[in-house]
Amino acid sequence: MSAASHIVLASGGTGGHMMPAEAVADKLQAAGHDVLLVTDKRGEAISNVFKTMNREVLDTSSHMGGGILNKIKSLYSVFTSTLKVRKLFRDKRPSAVVGFGGYPSLPAVLAARSMRIPYILHEQNAVLGRVNRWMAKRSKCAALSVEQTAAVPSGVKTVVTGNPVRTSIARLANIAYSVPMGGGDIRVFIVGGSQGARVLSDVVPAALAALVSEYRERIDVTHQARPEDVDRVSKAYADAGIRAEVQPYFEDVAGLLLKTQLVISRAGASTLAELTAMGRPAILVPLAIAADNHQLANAQLVHETGGGWVIEEKDFTPERLVVLLDRLLDDMSTLRDASDHMRSLARLEAADALAAEIQKAGAEMGEAA
């Protein structure tokens, strides 16, 4: 593939799709390729990724909205967006297109398929997403994050690359986990995905407040909460005498993870990729309404390896969380062991591996031409 090759990355508009796309874009640009991001308005609104990269923003809407009228509107938006992308590809034909899943990736992948442009799909979760499932049959390959990925159609070529993590995370991945020994601080990071999670704001402060004073006085909390929940969560910690910083967004996630001993979070694929890269043990609360229950599948892989503990949302109560926290804080070696197990799941070469597959697909197309 020549240095002037044009590569299109198509991504749904959530952090879980955008973060690995950006990590791969960095590798492709460093190799001299021209990269374009195709996403939707939600992806455009994520300001901390693709800051210096060209992007095309589509007006697509999800078919998951319910009701026949919404489904018709969604189909129409995919149709018009696909026409728009086809024109874009005629003006500047990409050597390869990469779909990172999510509804907004569909028009770019459809356009690539109809124009015989090679395309690769990347799946972040332990269950192949619906868009990737629909488009897998004629892809060059489906690049998977984990070997045990479910719902892959028969006959589809797969390669396990892992889930790419941001450069800022990868740079800190080999720094050792610090066990909270003696009377030192126990740093806890609560994060609920790019939009926060209300259930974490409802349950975690109450559970930490119910801990014995020996632990409560040592805990130092960093909590990502929805903007509308920040004040009440901050007050809950203050009333319990717990040191806490509560914000709707934290820029330096890598720096926070570096000093964190325990994470309480959702089980989105990008979050788990970062936790495995840095070896941070976690209590995982999978999003109950996630498509095909993929967050539970993600979390179970971590649990089976010993890197964390899973509490399903229906069972996530202050009482249940206190019991688990008491056990973990009573024997800090449990956290140290979980850190080692979590790190064993990491694939730090994921961005390089996926970039290599993309470049290979484009090179094969160039040779065929």
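Refer to the structure printed above.
Residues numbered from 1 in each chain as written. Predicted model: local features only at pLDDT ≥ 70, side-chain atom pairs only at ≥ 80, totals over all residues. Heavy atoms only, no water.

## Observations regarding the environment of Ile-283
Then comes step 1: Mapped onto the fold, Ile-283 is located in strand β12 (residues 282–284).
Then comes step 2: We classify Ile-283 as buried; its relative accessible area is 0%.
Then comes step 3: C-alpha separation for the pair Ile-283 and Arg-42, spaced 241 residues apart in sequence, amounts to 28 Å. (Helix = DSSP H or I, 4+ residues; strand = E, 2+ residues; numbered from the N terminus. Buried < 20%, exposed > 50% of the residue type's maximum accessible area, 1.4 Å probe, protein only.)

## A short note on the environment of Pro-94
Then comes step 1: With respect to the helices and strands, the residue Pro-94 is situated in the loop between α3 (68–91) and β4 (96–99).
Then comes step 2: Given the relative accessible area of 4%, Pro-94 is considered buried.
Then comes step 3: C-alpha of Pro-94 to C-alpha of Val-35: the two residues are 59 residues apart in sequence and 9.2 Å apart in space.
Then comes step 4: Leave out the neighbours within four places in its chain, and Pro-94 touches His-6, Val-8, Phe-89 and Ile-117. (Contact = heavy atoms within 4.5 Å.)

## Looking at the pattern of salt bridges
Then comes step 1: Tallied over the full model, the rule gives 23 salt bridges.
Then comes step 2: In this structure, Asp-40 and Arg-42 form a salt bridge, with 3.8 Å as the shortest nitrogen-oxygen distance.
Then comes step 3: Look at Asp-40 and you get buried, because its relative accessible area is 6%.
Then comes step 4: Two residues, Asp-292 and Arg-130, come together in a salt bridge whose shortest N-O distance is 3.8 Å. Of the two residues, Asp-292 sits in the loop between β12 and α12 (294–305) while Arg-130 sits in helix α5 (residues 130–135), which places them 162 residues apart along the sequence.
Then comes step 5: Linked by salt bridges that have partners in common, Arg-198, Asp-202, Glu-228, Asp-229 and Arg-232 make up one network. (Salt bridge = Lys/Arg side-chain N within 4 Å of Asp/Glu carboxyl O.)

## Focus: the packing of helix α7 (residues 198–209) against helix α9 (residues 230–239)
Then comes step 1: Their axes nearest at 9 Å, the elements α7 and α9 cross at an angle of 10°. One way to sum up the angle between α7 and α9 is to call them roughly parallel. Residues Arg-198, Ser-201, Asp-202, Val-204, Pro-205 and Leu-208 of α7 pack against Arg-232, Val-233, Ala-236 and Tyr-237 of α9.
Then comes step 2: Classifying every residue of the contact of α7 with α9 by side-chain character gives six nonpolar, one polar and three charged. (Axes fitted to C-alpha atoms, helices over the stretch in contact; angles between N-to-C directions. Parallel < 35°, antiparallel > 145°, perpendicular 65-115°, else oblique. Nonpolar A, V, L, I, M, F, W, Y, C, P; charged D, E, K, R; others polar.)

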